[in-house]
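Take a look at the letters that make up each chain.
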Amino acid sequence: MFSNRRIEKFDDRAPEFLQDLKDNPRVQQIRGKIRTAKHEGKPVPKMKAYNVRDAIFEAMLHRFSIDPTMIASRRESRLGRCLRGLSWFHGGPALPRLFNASISEAGMLGAAVGYALEGGRVVAELMYADFMGRAGDEIFNQLSKWQSMSAGNW
């Protein structure tokens, strides 16, 4: 994110999925949504409209299918709007790349920054933007400054 290089994946291993992607209920649900504002001249009903959370899910799923080092964490990840459906791929509660974090935003983001510094790709989802203040040191001092503090090596 902070470099000028584009790195498609950080490891040559094949990404692990426990089920075929096309069998996922969330993928099937999104497939049936309409991605335009109007359909046949009429406004699309809200239940059939493609949402931002659907786009985030598809982007994360795409990246999970390319990069075996990518992980995601959040509190109650199986219940999240954007991540809902990803735990289905990884086998429920014993998740190798998607997991629930503790109720400690600073701890979750500290682990995310450390994992990224060690060469992984990570998505750490905070439940509310208000919680950024609780993880301010990790976001504003660690995450944002490691590249310049290491002379571009990290």
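Residues numbered from 1 in each chain as written. Predicted model: local features only at pLDDT ≥ 70, side-chain atom pairs only at ≥ 80, totals over all residues. Heavy atoms only, no water.

A.B. asks: Would you mind going over the side chain of Arg-121 in detail, with residue names and values included?
C.D. replies: Tracing the sequence through the fold places Arg-121 in the loop between α4 (105-117) and β5 (122-125). Among the polar contacts listed, one links the side chain of Arg-121 to the side chain of Asp-67, at a separation of 2.8 Å. (Helix = DSSP H or I, 4+ residues; strand = E, 2+ residues; numbered from the N terminus. Polar contact = N/O pair within 3.5 Å; in protein donor to acceptor, adjacent residues only side chain to side chain.)

A.B. asks: Let's hear about the sheet that holds strand β3 (residues 71-74): which residues, and what values?
C.D. replies: The strand order across the open sheet formed by three strands is β4-β3-β5, and the pairing between neighbours is parallel. Two strands close off the open sheet at either side, each with one partner strand: β4 (98-100) and β5. Neighbouring strand axes in the sheet, compared pairwise and without regard to direction, differ in orientation by 15° on average. Across four bridges, β3 lies against β5 in parallel orientation. Of the residues in β5, the one forming a bridge with Ser-73 is Ala-124. (Pairing = 2+ DSSP bridges. Axes fitted to C-alpha atoms, helices over the stretch in contact; angles between N-to-C directions.)

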